[in-house]
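# Structural overview
Now for the letters of each chain:
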Amino acid sequence: MATLTTSSKRPYHIIVFGATGFTGQFVVEEVARTCNEGPGGTLQWAVAGRNRDRLEKTLVQAADALRKPELKCVEVIVVDVAEPESLAIMCKQGIIVLNCVGPYRFYGEPVVKACIENGAHCIDICGEPQFLEGIQLKYHSKAQENDVYIIGSCGFDSVPADMGILYTQVHFKGTLTAVESFLTINTGPEGGCGHDATWQSAIFGFADSASLKRIRRKFGHKPLPAVGARIKKRGALFFSKEIEQYAIPFMGSDPSVVRRTQRYMHEEHKHSPVQYMAYVGIGGLFSVLKTLFAGVVFWFMVKFSLGRGLLTELKYVCTGPTRKQMDGTSFCLRFMGEGYTTGQDPSQGKPNATISTEITGPEPGYITTPITMVQAAITLLNEHHCLPNKGGVYTPGSAFARTTLIDRLNKHGIQFSLKNGQ
């Protein structure tokens, strides 16, 4: 595998690529906070991007925000995603590249290719199933050959959902067969705001949903066996007693990522696969009306190039949340599971036990995401022996199932807890 110790030829444990982007600047701050968690209590790291002046400005801002003047001396690497040679030079210098350059459907593949060819592990925060599954289809074998780990969706999409399912399985005494998750996001008086890259990912992801079906057909997977009673899919809009508000299916990458992890655990470790459905709360009746109207307009516009063009112009509105908005926002992800107690045959009768777990944390996009991304990297550096035996393209759950990632997240304000046991 690619070495996990620095050397004169590969001097950095972590390189933050896209450090000047809206998310990247918060990843830089999070890396700075965790420098004592690297191998041997130290972390050698650098920032990378297209513009040296902007990179240096990002380091100055982080130094001022964290009151760490030494950050101004962090090494800067000038890299352009459109220039393969510069990507190769970057990847040869780092053990892990934290790729913050999105949308990934446009800019992600050259980074993955360069990492595999030059022996650097790659962690991203992609929430785009087409990209994630396409990269697995195209690069898994090559990554295995080069013993390089490519671990996608290591942000809020989809570390909490993926690791939360594994956490629930561990705490269920018997065979867990089905889980529903319910996400609620609470904003403070300042409200919240999205960012342009996330908005663009959503626009082009919905517009190109047919490509995901083509990718999945190319895998040629057989359906996973449904152990026990089949999970019932809820409607497109319903009132959830679990979170006491109206809810809709979660349209992000969580279901895709969880299914890939469950397939891996079933095929590689013979674990019983868990059926999974994900939902998100949208509030009361007024919120329902707003969501329905916005959803219909969005669905109609993404079908046409003119509509997509108009939607992308909203990037001037999607400037990202302020720090005050971020500080006032939090999330709660509840898991409601059912299954069969030890000794009970899942093929006989209905489930006879339930379990409830919960993950809570700070603002999802720009506080939780940097934490989960950086802790994934710290875990890879310190516990590489606990990852799958060979490199490859992995989900967070398949990569980190046997590590202490959940414990690390607990220490950084993302709390996993058992609410109601069997």
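Residues numbered from 1 in each chain as written. Predicted model: local features only at pLDDT ≥ 70, side-chain atom pairs only at ≥ 80, totals over all residues. Heavy atoms only, no water.

Quick reminder of the rule: UniProt positions are given in the numbering used here, feature names are shortened, and annotations may be inferred rather than shown by experiment.
In the annotation of an unreviewed UniProt entry, the entry for the protein reads Saccharopine dehydrogenase-like oxidoreductase, and the organism field reads Cyprinus carpio carpio. UniProt annotates the protein under Sequence similarities (unreviewed entry) with the comment "Belongs to the saccharopine dehydrogenase family."

### Re the sheet that holds strand 6 (residues 149-151)
Applicable threshold: At least two bridges found by DSSP between two strands is the condition for calling them paired. The helix count covers DSSP runs of H or I at least four residues long, the strand count covers runs of E at least two residues long, and both are numbered beginning at the N terminus. Lines fitted to C-alpha atoms define the axes, with helix axes restricted to the stretch in contact, and inter-axis angles between N-to-C directions lie between 0 and 180 degrees. In this analysis, two residues are considered to be in contact whenever any of their non-hydrogen atoms come within 4.5 Å of each other.
Pairing is parallel in the open sheet, where seven strands are placed in the order 3-2-1-4-5-6-13. Each end of this open sheet is capped by a strand with a single partner; those strands are strand 3 (75-78) and strand 13 (392-394). Averaged over all pairs of adjacent strands, the angle between their axes in this sheet comes to 20°, without regard to strand direction. Along the sheet, helix 2 (residues 52-66) makes contact with strand 2 (45-49) and strand 3, crossing strand 3 at roughly 150°. Of the strands in this sheet, strand 1 (12-17), strand 4 (94-99), strand 5 (121-124) and strand 6 are in contact with helix 4 (residues 104-118), which crosses strand 4 at around 175°.

### Topic: the packing of aromatic side chains
The line we're drawing: Aromatic pairs are defined between Phe, Tyr and Trp rings, using the six-membered ring for Trp, whenever the two ring centres lie within 6.5 Å; interplanar angles under 30 degrees are classed as stacked, those over 60 as edge-to-face, and all others as tilted. When a residue's accessible area, from a 1.4 Å probe over protein chains only, is under 20% of the maximum for its type it is buried; when over 50% it is exposed; and in between it is partly exposed.
Overall, the coordinates contain 12 aromatic pairs when judged by the stated rule. Arranged with centres 6.2 Å apart and planes meeting at 70°, the rings of F106 and Y107 form a pair that is edge-to-face. On the accessibility criterion, Y107 (35% relative accessible area) is partly exposed. On the numbers, 5.8 Å between centres and 85° between planes, the contact of Y264 with Y394 is edge-to-face. Here Y394 lies in strand 13 and Y264 lies in helix 9 (residues 254-269), a separation of 130 residues in the sequence. With respect to class, Y264 is no different from Y394; both count as buried. Every member of this aromatic cluster is reached through a ring pair, and the members are F22, F26 and Y366.

### Here's the deal with the UniProt feature "domain: Saccharopine dehydrogenase NADP binding" (unreviewed entry) in the protein
UniProt records the feature "domain: Saccharopine dehydrogenase NADP binding" (unreviewed entry) at residues 14-151, using the numbering of this structure. In the segment residues 14-151, helix accounts for 49% and strand for 19%; the C-alpha atoms at its two ends are 14 Å apart.

### Details of helix 5 (residues 129-146)
Just so we agree on the cut-off: Residue count minus one, scaled by 1.5 Å, sets the expected span of a helix. We define the bend at each residue as the angle formed by axes fitted to the 7 residues ending at it and the 7 residues starting at it.
With 18 residues, helix 5 should cover 26 Å at 1.5 Å per step; its first-to-last C-alpha distance of 24 Å lies within 8% of that length. Of all the bends found along helix 5, the most pronounced is centred on Y139 and spans about 60°. Looking only at helix 5, the buried set comprises P129, Q130, F131, L132, E133, I135, Y139 and A143. In the stretch just after helix 5, D147 is the one whose phi turns positive, near 55°.

### A look at the nonpolar core
Basically, it comes down to this: The definition of a nonpolar core used throughout is a set of buried Ala, Val, Leu, Ile, Met, Phe, Trp, Tyr and Cys residues joined through side-chain atoms within 4.5 Å.
Grouped together as the largest cluster of nonpolar side chains are 104 residues, with contacts concentrated most on W45 and L98. With eight residues, helix 13 (residues 364-382) is the single largest residue contributor to this core. Not counting chain neighbours up to four residues away, the residues in contact with L98 comprise I14, I15, V16, F17, V27, V31, I123, M373, V374 and A377. Within the second largest apolar cluster, five residues are counted, among which are F182, F238, I243 and A247.

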